[in-house]
Amino acid sequence: MSHVRKSIRDNIVTTLTGLSTTGSNVYRSRVYPLAASKLPGLTIYTKSEEAEYSTNIRPRTLFRTLTVIIEAYVQGLSDYDSQIDTIAVEVEEALSTDVTRGGYAKDTQIVSFDAEYSGEGDIPVASATFTVQVVYSTKENDSEIAG
Amino acid sequence: MAVETAADRALLLNDFGVDAIYDPASSSHKTVKGVFDNEYEAVNTGATLDFAITRPRFYCRSADVSGVAEGDDLEIEGVAYKIRVIMPDGTGMTEMMLEKQ
């Protein structure tokens, strides 16, 4: 067994692998730069989480809001902005097919989107960041079972 | 103020430069000599990861590309580029940021 957070992250990686534009270029918690051969690609990180204790009786229930960062990376001479929006359609629709993330979560919401561009390289590049909040709960003495 | 002459600059480029075919939209093409840099660099757009991509630059005498405009074509070692940014250094040399086609 593993932390529910890992199960949610695994679910998102599986959900986003094989999309039309990014295909198998999906990287979990990647730390190395992305070369052109890995584009267009997606990276997935679970960077932060907030928790609230909802009961007083032990073991208490923890209501958690996990922030998942999904980033899209593309390169193109002129259509990089359209590539980003095509990927956005695919990511948003894929995530919405099961907002319980395989039964580990109560809800999944995309709460923000940001795009950035650069012409510093041989071909223009762009990245987009989807901030996704996943709400789930566990008992304080068992982080491996969602409840 | 430049301390070297146009001939000095030409000598430098003869030693370290490569031939490029400069093809401006406004006139016919010609061969110019310049220093070509195309190293891999980490480019960050603000996301978590850097892009590992090449960063092509061409450095030549300003007089050889007088009237150069963004969007003009440059071919170096068989690879076609568009000139995207023109950066004259004020001493008779010009650096150009290139986009691979």
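Up top is the structure.
What you are looking at is a predicted structure, and each value in this text was computed from that prediction instead of being measured.

Colleague: Looking at this model, I keep getting lost on the overall build of chain A. Mind explaining?
Modeller: Scanning chain A from N- to C-terminus turns up two helices and seven strands. The order of helices and strands in chain A, counted from the N terminus, is α-β-β-β-β-α-β-β-β. Projected onto its principal axes, the C-alpha positions of chain A cover 60 × 25 × 25 Å. Counting over 147 residues, chain A shows a buried share of 44%. For chain A, restricting intrachain contacts to residue pairs at least 6 apart in sequence, the fraction spanning at least 24 positions comes to 61%.

Colleague: So what exactly am I meant to see when it comes to the interface of chain A and chain B here?
Modeller: It is common to report an interface's size as the accessible area lost on association of the parts. The interface is formed by 28 residues belonging to chain A together with 18 residues belonging to chain B. A buried area of about 1,800 Å², summed over both sides, lies between chain A and chain B, and 60% of it is on carbon and sulfur atoms. At the boundary of chain A and chain B, one finds two salt bridges. Where chain A touches chain B, the interface holds 10 residue pairs in polar contact (both at pLDDT 80 or more). Residue assignment for the side of chain A that touches chain B shows that the elements contributing at least two residues are strand E2 (34-35), strand E3 (41-53), strand E4 (61-75), strand E5 (107-118) and strand E6 (125-139) of chain A. Looking at the side of chain A that touches chain B element by element, the count peaks at four residues for E4 of chain A. Taken together, the residues that form the side of chain A that touches chain B break down as 16 nonpolar, six polar and six charged. Strand direction decides the pairing type here: E2 of chain A and strand E4 (residues 51-54) of chain B, joined by two bridges, are parallel.

Colleague: Explanation requested: unusual backbone geometry in the structure shown.
Modeller: All names here are of chain A. Cis geometry is found at the peptide bond from Leu-39 to Pro-40, where omega equals -10°. By secondary structure assignment, the location of Pro-40 is in the loop between E2 and E3. At the junction of Arg-58 and Pro-59, the peptide bond is cis and its omega measures out at -5° in the coordinates. Even without glycine at this site, Ser-29 takes up a positive phi of about 50°. Residue Ser-29 is classed as partly exposed on the basis of its relative accessible area, which comes to 33%. Residues other than glycine seldom take positive phi values, yet Arg-101 does so here, at roughly 50°.

Quick notes on the rules
Residues numbered from 1 in each chain as written. Chains lettered and ligands numbered in written order. Predicted model: local features only at pLDDT ≥ 70, side-chain atom pairs only at ≥ 80, totals over all residues. Heavy atoms only, no water. Helix = DSSP H or I, 4+ residues; strand = E, 2+ residues; numbered from the N terminus. Buried < 20%, exposed > 50% of the residue type's maximum accessible area, 1.4 Å probe, protein only. Contact = heavy atoms within 4.5 Å. Buried area = accessible area lost by both parts, 1.4 Å probe. Salt bridge = Lys/Arg side-chain N within 4 Å of Asp/Glu carboxyl O. Polar contact = N/O pair within 3.5 Å; in protein donor to acceptor, adjacent residues only side chain to side chain. Nonpolar A, V, L, I, M, F, W, Y, C, P; charged D, E, K, R; others polar. Pairing = 2+ DSSP bridges.

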